[in-house]
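Now for the letters of each chain:
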Amino acid sequence: MTTTGKNAKIAVVGGGSFGWGLALAAERAGREVLLWSRRPQREGTPKIHLASSLAELARAELVFFAVPSPVMPALARELGVHLDGAHYLVHVSRGIVGDELQTLSQVLRTCTPCRRVGALAGPLVAQALADGGTGRSDRRQPLPGGPHGGAPGDRRAAAADLQHR
Amino acid sequence: MLAPVMSSMMFRLLSRPLRLPAFLGPTPSPQDPQIFRFHGERAPIVSDVVRRVVQHYVGQPQKLLHVLNDAANAEVRRLASQDDMEASDALGSWKRLVRRLGKMDEDERREALREKVRDMTEDIAGNFDPRVYGLATRLVPNVLTAIMNPRAMPQQLLSGFRPLDGLITTEGPVDKLRRLAQTGTLVLVPTHSSNLDSIALGYVLMRERLPPMVYGAGKNLFSNPLLSFFMHNLGAYRVDRRINAQLYKEVLKTYSCMMIERGYHSLFFPGGTRARSGLVERRLKLGLAGTGVEAFARNQARGITRPVYFVPATLNYALVLEAETLIEDHLKGAGQSRYIIEDDESSRLDRVYAFLTKLTQLRSAMVLRFGEPMDPFCNPIDDEGRSIAPSGNPVDPASYVKYHGIATVDPARDAGYTRELGEAIARVYQREVVILWTQLVAHILYRQLVHATPELDLFGRQRVRGQVGMPRAQLEAEVGQARDRLLDFAAQGRLHVGPVLRTMPADQIVAEALSAWSGYHTKPVARTAGEDVMIEDPNLLLFYQNRLVPFAEDLATPETAVAARTIAALGGRV
């Protein structure tokens, strides 16, 4: 059922500025994107498809979580029903949630069967992610070393990663 | 001239494992555990291990040269200091290798590697003889007792005296494990507190009709020829912890991985060495047990879907054979340097005998508690052997080793899984620990000692002997109170409470604990003086009470809260 390899879709949970930023970055890298949002505020694009249910996102191998930390446990649990050990989960939220003071990576590990869990860190600027800038104030400066180079935490580098995964 | 030859022959006879000829053995039936076929598979397993290790260095001349250099130098250093019959044989061969290594071309080096790896694998590879197993089933524990005390053997065989039977209580999902053993490969990972652990485990597996398991035993345990014969033929392989060479570790890991791949149920002590402090292990490296993850991935990549089930277990002793040596070692901070202790109580037959004699007078002096099995990715396993996701639905364990839909072998990924598995197993240990009566009484006494000596630090306190005590009535009252709380914790699923603590009144618990200590340990742990109980050996009290460290603060009375906090802080220094 899961399409795999270079043609695999990339899933994004959350249609806020970060969710869209990630989706656009993936689109720029030439990938098909499935985006799920409780209230999609925009129309899809040729490569970004709006998913009507969370379950659809399981078709992707790489899933981004771009939702506020308080709602993450519930969403992770809901989506987790459809995931298995082959999925990669990456979140971009900060915070510590619940009575057990779990980090968001721990939330993803305990609410879903997934173990390949990571976080995007660094100076996160949603607008830079969306338009392909560097996330720094001088966004127009070209990156050293082309698309593979770039400073750690650089969103353009993250987009390049999406292409090569 | 003749004498050295003779003694060398004798040495070989005694140090090589004795095996019965294979062709005389019965043919195993299909439902027998894999280990019943080991006799026939031994040779192919050895050559597979050799092939895989050698394969690892193909096309990597630098790594090949490095690993040979490292092994040769480590071995020359070790053997030169060991200086015995066994050493002189091997030393010459390694020295020759060191001399020639620089002049060899890559093919010759690979050949040298193959030869060394074969020697190592042959030395490691154990054996399993169903006939010895059958014999042992009938004679154990009499035979085990006899090994330790040969003089008592005839009368014990005659009287059918089975002292171990009432001694060891088994708890946990035994029926489920028995079923899972039919469909998957079990990797049993218990806590480690004594050299008797593997013997007690072997016995319990037999008694509970669980399959026998292969396990690595320290080579020093093989020095007794009779014990060696049984261990060798009951599936133990030899681990020589004196060898430092990286190559040896690789061979060992390859061997244990290969055994799990082939479906041999395996036993590992993931703590690596006996817990010096008496604390339940909190950090596990997993080491060899981690090869269970690799074995699962390798099998999946070859289309073999047999699952691997990790089974954590806690071994809980009311008395620990080597308690005195272990805690002394812990307090010296020498735990690291004395990774291998060869002069402890387990190497002294009189101590082992005194220990067993004492144990037979106690009720359920050991509790072996199996935890719920999990897959290599920390998912619990249901009764049908399926991995269960947090949602309660089954999840395919194979998905964890897939990349773009294809099962792969990926050492970096598997190292990550192994690390998480080690953390998960350590968490299960904390939950599945069984508190026994000696531990609780030791805790109350030690708390009193800390309470009475607030000005002292750990090491100062350990020297306070025969000065601090408490009225027996108070001790009994506090034991009773703490026991009731432990039962509450048990109801909440935080821990388990042993049979004696569950059923006996507090005064009897105290009496049993005092008498348990007085018969075995060479120094009195605590003694009765009139109405009081005086603390004589803080070290042993510390050792036995350490199992309660995580619960110290919750067990405290308002007066002892400060002392309890000091005790709880001990958990930091594992």
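Participant: What is the right way to read the environment of Leu540(B) from this model?
Facilitator: All names here are of chain B. By secondary structure assignment, the location of Leu540 is in helix H23 (residues 538-545). A residue is classified by how much of its surface remains accessible, and Leu540, at 1% relative accessible area, is buried. Separated by 15 residues in sequence, Leu540 and Val525 have C-alpha atoms that sit 6.5 Å apart. Beyond its immediate chain neighbours, meaning those up to four positions away, Leu540 contacts Ala323, Glu324, His521, Lys523 and Val525.

Participant: What is the right way to read the packing of aromatic side chains from this model?
Facilitator: Geometrically, a pair of aromatic rings is defined through the distance of the ring centres and the angle of the planes. Residue and element names in this part refer to chain B. With the rule as written, the count across this model stands at nine aromatic pairs over all chains. Between Phe38 and Tyr264, the ring centres sit 5.7 Å apart and the planes meet at 90°, which makes this aromatic pair edge-to-face. Of this pair, Phe38 sits in helix H2 (residues 38-55) while Tyr264 sits in the loop between helix H13 (246-261) and strand E5 (266-267); the two residues are 226 residues apart in sequence, bridging distant segments of the chain. Judged by centre distance (6.1 Å) and plane angle (40°), the ring pair of Trp517 and Tyr544 falls under tilted.

Participant: Is there a simple way to think about the layout of surface pockets in this case?
Facilitator: Where empty space is left becomes clear once a probe the size of a water molecule has been rolled over the atoms. Roughly 820 Å³ of internal volume is contained in the second largest pocket. Taken together, 22 residues form the lining of the second largest pocket, with Thr110(A), Cys378(B), Ala424(B), Arg427(B) and Arg431(B) sitting closest to its centre. Contributions of two or more residues to the lining of the second largest pocket are made by helix H3 (104-111) of chain A together with helix H17 (411-432) of chain B. In terms of residues, the lining of the second largest pocket owes the most to one element, H17(B), which gives seven residues. In the lining of the second largest pocket, the residues fall into nine nonpolar, four polar and nine charged.

Participant: So what exactly am I meant to see when it comes to a positive patch on the surface here?
Facilitator: Residue and element names in this part refer to chain B. A cluster of basic residues, Lys95, Arg96, Arg99, Arg100 and Lys103, forms a positive patch at the surface. Counting through the fold element by element, Arg96 comes out in helix H4 (residues 85-101). A residue is classified by how much of its surface remains accessible, and Arg96, at 43% relative accessible area, is partly exposed.

Participant: Whenever I open this one, the confidence of the model for chain B confuses me. Can you help?
Facilitator: For residues with low pLDDT, the predicted coordinates do not support detailed interpretation. Residues and elements named next belong to chain B. Looking at chain B as a whole, the pLDDT averages 83, with 82% of positions reaching at least 70. Below pLDDT 50 for its whole length, residues 146-161 participates in 17 contacts with residues either more than four positions away or in separate chains. Here the complex is predicted with pTM 0.85, and the ipTM for its interfaces comes to 0.78.

Participant: Looking at this structure, I do not really get the interface of chain B and chain A. What am I missing?
Facilitator: Reports of interface size often rely on the accessible area that becomes lost once the parts have come together. Taken together, the contact between chain B and chain A spans 18 residues of the former and 17 residues of the latter. Roughly 1,300 Å² is buried in total at the junction of chain B and chain A, and carbon and sulfur atoms are behind 51% of that figure. Our count for the chain B to chain A interface comes out at 10 residue pairs in polar contact (both at pLDDT 80 or more). When residues of the side of chain B that touches chain A are traced back to their parent elements, those giving at least two are strand E10 (402-403) and H17 of chain B. With three residues, H17(B) is the largest single contributor of residues to the side of chain B that touches chain A.

Participant: I keep staring at the nonpolar core and nothing clicks. Help me out?
Facilitator: Burial of nonpolar side chains together is a common tendency in soluble globular proteins. Membership of the largest hydrophobic core comes to 171 residues, with the highest contact counts inside it found for Phe370(B), Leu445(B), Leu486(B) and Trp517(B). By size, the runner-up hydrophobic cluster in this structure holds 25 residues, among which are Val67(A), Leu83(A), Leu89(A) and Leu104(A).

Participant: Quick question: what am I supposed to make of the confidence of the model for chain A here?
Facilitator: Residues and elements named next belong to chain A. The predicted model of chain A has a mean per-residue pLDDT of 79, with 75% of residues at 70 or higher. When mean pLDDT is taken per element in chain A, strand E1 (residues 10-13) scores highest with 96 and helix H5 (residues 155-164) scores lowest with 40. A low-confidence stretch, residues 136-165 stays under pLDDT 50, and its non-local contacts, those more than four residues away or across chains, total 45 contacts.

Participant: It is not clear to me how helix H3 (residues 61-82) of chain B should be interpreted in this structure. Could you clarify?
Facilitator: Given 3.6 residues per helical turn, the α-helix brings residues three or four places apart onto the same face. Residues and elements named next belong to chain B. Helix length check: H3 (22 residues) gives 31 Å between terminal C-alpha atoms against 32 Å at 1.5 Å per residue, within 8%. For H3, the secondary structure elements touched by its buried residues are H4, helix H5 (106-124) and H13. Looking one or two residues beyond H3, the residue adopting positive phi is Asp83, at roughly 55°.

Cut-offs used in this document
Residues numbered from 1 in each chain as written. Chains lettered and ligands numbered in written order. Predicted model: local features only at pLDDT ≥ 70, side-chain atom pairs only at ≥ 80, totals over all residues. Heavy atoms only, no water. Helix = DSSP H or I, 4+ residues; strand = E, 2+ residues; numbered from the N terminus. Buried < 20%, exposed > 50% of the residue type's maximum accessible area, 1.4 Å probe, protein only. Contact = heavy atoms within 4.5 Å. Phe/Tyr/Trp six-rings, centres within 6.5 Å; stacked < 30°, edge-to-face > 60°. 1 Å grid on protein atoms, 1.4 Å probe; cavity = no way out; pocket = protein on both sides within 12 Å on 5 of 7 lines; lining within 4 Å. Points joined across faces, edges and corners; volume = space filled by probe spheres on them. Nonpolar A, V, L, I, M, F, W, Y, C, P; charged D, E, K, R; others polar. Patch = residues over 30% accessible without salt bridge, like charges linked within 9 Å, V, L, I, M, F, W, Y side chains within 5 Å. Areas by Shrake-Rupley, 256 points an atom, 1.4 Å probe, with all protein chains shown as cover. Salt bridge = Lys/Arg side-chain N within 4 Å of Asp/Glu carboxyl O. Lys, Arg positive; Asp, Glu negative; His and termini not counted. Charge placed at Lys NZ, Arg CZ, Asp CG, Glu CD. pLDDT = per-residue confidence, 0-100. Buried area = accessible area lost by both parts, 1.4 Å probe. Polar contact = N/O pair within 3.5 Å; in protein donor to acceptor, adjacent residues only side chain to side chain. Core = buried A, V, L, I, M, F, W, Y, C linked by side-chain atoms within 4.5 Å. Expected span 1.5 Å × (residues − 1).

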